[in-house]
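Each chain, written out:
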Amino acid sequence: MNDIKKWWIVLLTSLIVLTFYFTLERNDLFYVELTIPSSLFVSDINEDELISSSEKEGILVTKNEDGSLTYRMNRLKHYEKKSEYKNTILHTIQDIIADDEYYEPIYDVTHNKSLNQFTFIIDRSKSEGGLGLDRIVSLLIGMNAAMYQLYNGASLDNYHVNVRLQDKDTDEIISETTLP
């Protein structure tokens, strides 16, 4: 009789734990859902490949009518992706500063801790007449930072990244762009 009582206690406890787990799962305590607007995707990107590669990582992707993509992933995957974006941005900035030859016009890059404010300190004399590499690179970093802002909890209605180009000799702000 005592063994049957223990068995019922284990069974009831298991049922309570499973009920609790599935209730939490439905309430999204274990999952994160975020929507990335179509404006943050490069125009020549293959959406099917993007969705397929995301789903291979265990991320459920839904394409919305407005062209945006909604990602649903567990919290661990969300943390990994958020860290990946942050590290990519920081490493790219280090590479830009270290490569004096290719990124010649860019003298330095500063940013705030939340990665939503960037200042590219440029040598205007090396920038003018060129391909505008400083502007292209700053916008690419800004787009990655905008993606990071969404992964970091910003809503679609309230996320932005400010990118400035500043002359290294005069401290004059040459241009300023707010993304998206």
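Since the model is a prediction, treat every value here as computed from it, not as a measurement.

## So, the overall build of the chain
Then step 1. In terms of helices and strands, the chain carries five helices and seven strands.
Then step 2. Counting helices and strands in the order they occur from the N terminus, the chain gives α-β-α-β-β-α-β-β-α-α-β-β.
Then step 3. Considering only contacts within the chain whose residues lie at least 6 apart along the sequence, 56% involve residues at least 24 apart.
Then step 4. Just so you have it, the chain exposes about 11,700 Å², and 53% of that area is on carbon and sulfur atoms.

## Notes on the sheet that holds strand S3 (residues 69-74)
Then step 1. An order of S1-S3-S2 is seen for the three strands of this open sheet, with the pairing classed as antiparallel. Each having just a single partner strand, strand S1 (31-36) and strand S2 (60-63) make up the two edges of the open sheet. On average, each strand axis in the sheet is inclined to that of its neighbour by 15°, with strand direction left out of account.
Then step 2. Relative to S3, S2 runs antiparallel, the two being bridged by four bridges. Across the sheet, the residue bridging to Lys63 is Leu69, located in S3.
Then step 3. Against the sheet, helix H3 (residues 75-98) makes contact with S1 and S3, and its axis sits at roughly 115° relative to S3, the strand it touches most.

## Considering the pattern of salt bridges
Then step 1. This structure, assessed with the given rule, holds five salt bridges.
Then step 2. The salt bridge partner of Glu57 is Lys81, with a shortest N-O separation of 3.6 Å. Separated by 24 residues along the polypeptide, Glu57 in the loop between helix H2 (47-56) and S2 and Lys81 in helix H3 bring together distant segments of the chain.
Then step 3. The salt bridge involving Glu84 is made with Lys81; its shortest N-O contact spans 3.6 Å. Here Glu84 and its partner Lys81 are both found in helix H3, three residues apart, which amounts to about one turn of the helix.
Then step 4. Exposure remark for Glu84: the relative accessible area of 41% places this residue in the partly exposed category.
Then step 5. Several salt bridges converge on common partners, so that one network encompasses Glu57, Lys77, Glu80, Lys81 and Glu84.

## Notes on the side chain of Gln149
Then step 1. Positionally, Gln149 belongs in helix H5 (residues 133-151).
Then step 2. Here the side chain of Gln149 touches Ser114 through a polar contact of 2.8 Å, landing on its backbone oxygen.
Then step 3. Here Gln149 is in contact with Ser114, Leu115, Asn116, Ala154, Tyr159, His160 and Val161, once residues within four sequence places are set aside.

## Here we look at the sheet that holds strand S5 (residues 117-122)
Then step 1. In spatial order, the strands read S4-S5-S6-S7; together these four strands make up an open sheet with mixed pairing. Whereas interior strands pair on both sides, the edge strands pair on one side only; in this sheet they are strand S4 (106-111) and strand S7 (173-179). For this sheet the average axis-to-axis angle between neighbouring strands, irrespective of direction, equals 15°.
Then step 2. Relative to S7, strand S6 (residues 161-167) runs antiparallel, the two being bridged by six bridges. Paired with Gln166 across the bridge in S7 is Ile173.
Then step 3. Across the sheet, H3 is in contact with S4 and S5; its angle to S4 comes to roughly 155°.

What counts as what
Residues numbered from 1 in each chain as written. Predicted model: local features only at pLDDT ≥ 70, side-chain atom pairs only at ≥ 80, totals over all residues. Heavy atoms only, no water. Helix = DSSP H or I, 4+ residues; strand = E, 2+ residues; numbered from the N terminus. Contact = heavy atoms within 4.5 Å. Areas by Shrake-Rupley, 256 points an atom, 1.4 Å probe, with all protein chains shown as cover. Pairing = 2+ DSSP bridges. Axes fitted to C-alpha atoms, helices over the stretch in contact; angles between N-to-C directions. Salt bridge = Lys/Arg side-chain N within 4 Å of Asp/Glu carboxyl O. Buried < 20%, exposed > 50% of the residue type's maximum accessible area, 1.4 Å probe, protein only. Polar contact = N/O pair within 3.5 Å; in protein donor to acceptor, adjacent residues only side chain to side chain.

Treat this as a map of the structure, not an account of what it does.
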